[in-house]
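A look at the structure
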Amino acid sequence: MDYKKIHDNIILRANSRVLIGYGENHHITPKCLGGTNKKENLVKLTAKEHWLIHLLLVEIYPNNLKLKLAVRMMSVRSNNQEREIIKSGKIFERI
């Protein structure tokens, strides 16, 4: 499976739309891979897209512990986000 292609297609689609309703900011190139906070490196994703993008990043860069930690942090409830808690043991096991 081409995880990078799926990742890039989600980012491309998100960059070409106006998201109505709840969204989460995402670094297109993660900061742990040299990304910056510049506007051109940020995209607004739905909560589901954001979660999926981070799972894809773990598949693309399987040895990057910071990306794995990001997925773990996204799996718990936060007061400022509307994301549901992820409950899949299979996902945790894979990461």
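Quick caveat, the model's predicted, so the values are computed rather than measured.

Here's the deal with the overall build of the protein chain
Helix and strand counts for the protein chain come out as four helices and two strands. Across the protein chain, helices and strands are ordered from the amino to the carboxyl terminus as α-β-β-α-α-α. In the protein chain, which comprises 95 residues, the share counted as buried stands at 32%.

Examining the packing of helix α1 (residues 3–15) against helix α2 (residues 47–60)
It is the contact of α1 with α2, at a shortest axis distance of 9 Å, that shows an interaxial angle of 150 degrees. Here α1 lies roughly antiparallel to α2, going by the angle between them. In this structure, α1 meets α2 at a crossing whose hand is left-handed. Counted together, Y3, K4, I6, H7, I10, I11 and R13 of α1 and E49, L52, I53, L56, L57, E59 and I60 of α2 form the full contact between these two elements.

Things to note about α2
Compared with the 20 Å implied by 1.5 Å per residue over 14 residues, the 20 Å span of α2 between its first and last C-alpha is a close match. If you check which residues of α2 are buried, you get A47, E49, H50, W51, I53, H54, L55, L56, L57 and V58.

A few points about the pairing of strand β2 (residues 42–45)
Of the two faces of β2, only the one carrying V43 and L45 is buried; L42 and K44 on the other face are not. In this structure, strand β1 (residues 24–27) lies alongside β2, joined through four bridges in antiparallel fashion. By the bridge assignment, E24 is partnered in β2 with L45.

Cut-off values and rules
Each chain carries its own residue numbering, running from 1 in the written order of its sequence. The predicted nature of this model means local features are confined to residues of pLDDT at least 70 and side-chain atom pairs, given and counted, to a pLDDT of 80 or more, with totals for whole chains, interfaces and linings taken over all residues. No hydrogens and no water enter the side-chain calculation; it runs on all heavy atoms of the structure. Each helix is a run of DSSP H or I of at least 4 residues and each strand a run of E of at least 2, with the numbering of both proceeding from the N terminus. Throughout this description, buried means an accessible area under 20% of the type-specific maximum (1.4 Å probe, protein chains only), exposed means over 50%, and partly exposed covers the range between. As a rule, the C-alpha atoms of each element are fitted with a line to give its axis, helices using only the stretch in contact, and angles between N-to-C directions run from 0 to 180 degrees. An angle below 35 degrees is read as roughly parallel, one above 145 as roughly antiparallel, one from 65 to 115 as roughly perpendicular, and any other as oblique. Helix crossings get a hand from a simple test, with the near helix turned counterclockwise from the far one by less than a right angle marking a left-handed crossing and a clockwise turn marking a right-handed one. Throughout, a residue-residue contact means that at least one pair of heavy atoms, one from each residue, lies within 4.5 Å. Here the expected span of a helix is defined as 1.5 Å times the quantity of residues minus one. A pair of strands is treated as paired once DSSP finds two or more bridges between them.

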